[in-house]
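Descriptive structure summary
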Amino acid sequence: MNKVPSAVAGGKPVVVVGSLNMDLVFRMPRMPEAGETLQGHGYTTSPGGKGANQAVACARLGCQVALVGQAGRDGYGDTLCEALLANGVDIRHVGRIDEAATGVAVILVEDRGQNRIVLAAGANGMLRPADIDAAGDAIAGAALLIVQLEVPLAAVLQAMRLAAAAGVPVLLNPAPAQALPDQFWPLIDILVPNESEAALLTGMDVADVASACRAGEQLRARGARRVLITLSDKGVVLLDEQGPRHLPARAVSAVDTTAAGDTFIGALATALCEGLTLDEAAAFGQSASALCVTRAGAQPSIPYRHELAP
């Protein structure tokens with residue numbers, strides 16, 4: 001297993017390969033039925049995308065971070081890049097292209113905080129292995145590589161291969177849920193799915209702590225060395241060579257869960273790079289995501305380090 005070095009002590013950044021989206025957020029009392037027109041009561045736009053969100057979470061929580069991705073040469077792309085720079089994210093490897101518009105996410109948020117998301121990949125779908133190769137030195141010099149699945153799998157796989165070749169540990173957040181090629185599994189140091197993603201990857205029903213433990217064992221058997229399955233208000237299940245254990249969730253009143261998972265990933269990565277144990281890092285991730293869900297929006301809801309208890 002590749003040990004995650006300290007990004008704080010060694011000056012190495014986390015590198016995130018992933019998506020940038022402009023989020024179009026609609027708030028409503030409930031989700032509309034098929035064919036129904038429902039009156040909403042709020043609309044906002046805010047920077048998002050899993051890659052950008054996770055990079056911002058790392059930056060706000062105290063970690064050096066660089067993002068590798070693709071945006072259109074348009075107004076949304078300008079806004080997203082400006083937001084990343086304002087948060088201290090290195091965007092030297094964020095390409096700006098004319099062939100596609102910047103990615104967009106339409107997010108429907110119920111009053112009780114749950115959401116539904118529809119993606120239009122746009123420029124995210126144009127990220128190629130050659131773009132990853134162009135960022136190869138950054139990946140090889142990273143403390144940790146974070147990847148998700150809102151960009152093409154070929155690009156994700158290339159990033160994982162470059163990281164593995166350089167001894168850089170890989171954290172994969174397999175979202176949106178989809179089957180993983182066999183080549184992915186031996187390259188995964190840390191796998192962080194939610195319950196639906198774990199269910200798709202294993203073919204098992206994942207609905208509680210016991211079933212998450214069984215799913216996690218299967219995921220480790222496939223090659224992932226450490227597995228954390230997030231279970232929303234049921235907490236998180238951790239599995240590694242020490243066996244399975246469960247960290248209960250913190251009780252909060254959720255306003256918007258859109259960036260909860262991305263905040264957890266960024267906090268987990270930051271804590272691991274500071275030398276915390278997996279259990280300590282997961283607890284830090286829970287603390288950050290618990291605060292995140294009490295606020296609206298994706299990136300606007302991601303907390304800063306000073307907002308969390310020491």
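Please refer to the structure placed before this passage.
Structure report, in brief.

Reading guide: rules and limits
- Residues numbered from 1 in each chain as written.
- Predicted model: local features only at pLDDT ≥ 70, side-chain atom pairs only at ≥ 80, totals over all residues.
- Heavy atoms only, no water.
- Phe/Tyr/Trp six-rings, centres within 6.5 Å; stacked < 30°, edge-to-face > 60°.
- Helix = DSSP H or I, 4+ residues; strand = E, 2+ residues; numbered from the N terminus.
- Buried < 20%, exposed > 50% of the residue type's maximum accessible area, 1.4 Å probe, protein only.
- Core = buried A, V, L, I, M, F, W, Y, C linked by side-chain atoms within 4.5 Å.
- Expected span 1.5 Å × (residues − 1).
- Contact = heavy atoms within 4.5 Å.

**Some words on the packing of aromatic side chains**
- The tally for this structure, following the rule as stated, stands at one aromatic pair.
- Taking 4.9 Å as the distance between ring centres and 45° as the angle between the ring planes, the aromatic pair formed by Phe26 and Tyr43 counts as tilted. Within this pair, whereas Phe26 is found in strand β2 (residues 21–28), its partner Tyr43 is found in strand β3 (residues 42–48), the two being separated by 17 residues in sequence.
- A residue is classified by how much of its surface remains accessible, and Phe26, at 33% relative accessible area, is partly exposed.

**Looking at the nonpolar core**
- Ranked by internal contacts, the top residues of the largest apolar core, which has 50 residues, are Val14, Leu67, Val89, Ile146, Leu228 and Leu268.
- Ranked by residue count, the leading element in this core is helix α9 (residues 260–273), at eight residues.
- Ile139, Leu157, Ala163 and Cys213 belong to the second largest nonpolar core, which has 41 residues in total.

**Details of unusual backbone geometry**
- Going from Ala175 to Pro176, the amide bond is cis rather than trans, its omega being -5°.
- With respect to the helices and strands, the residue Pro176 is situated in the loop between β9 (170–172) and β10 (190–191).

**A closer look at helix α10 (residues 278–292)**
- In this model, α10 (15 residues) spans 21 Å end to end at C-alpha, consistent with the 21 Å of a helix rising 1.5 Å per residue.
- Along α10, 11 of the 15 residues are buried, which leaves the element largely enclosed by surrounding structure.
- Within α10, the full set of buried residues consists of Leu278, Ala281, Ala282, Phe284, Gly285, Gln286, Ser287, Ala288, Ser289, Ala290 and Cys292.
- In the core, the buried residues of α10 are packed alongside β11 (226–230), β12 (236–240), β13 (243–247) and α9.

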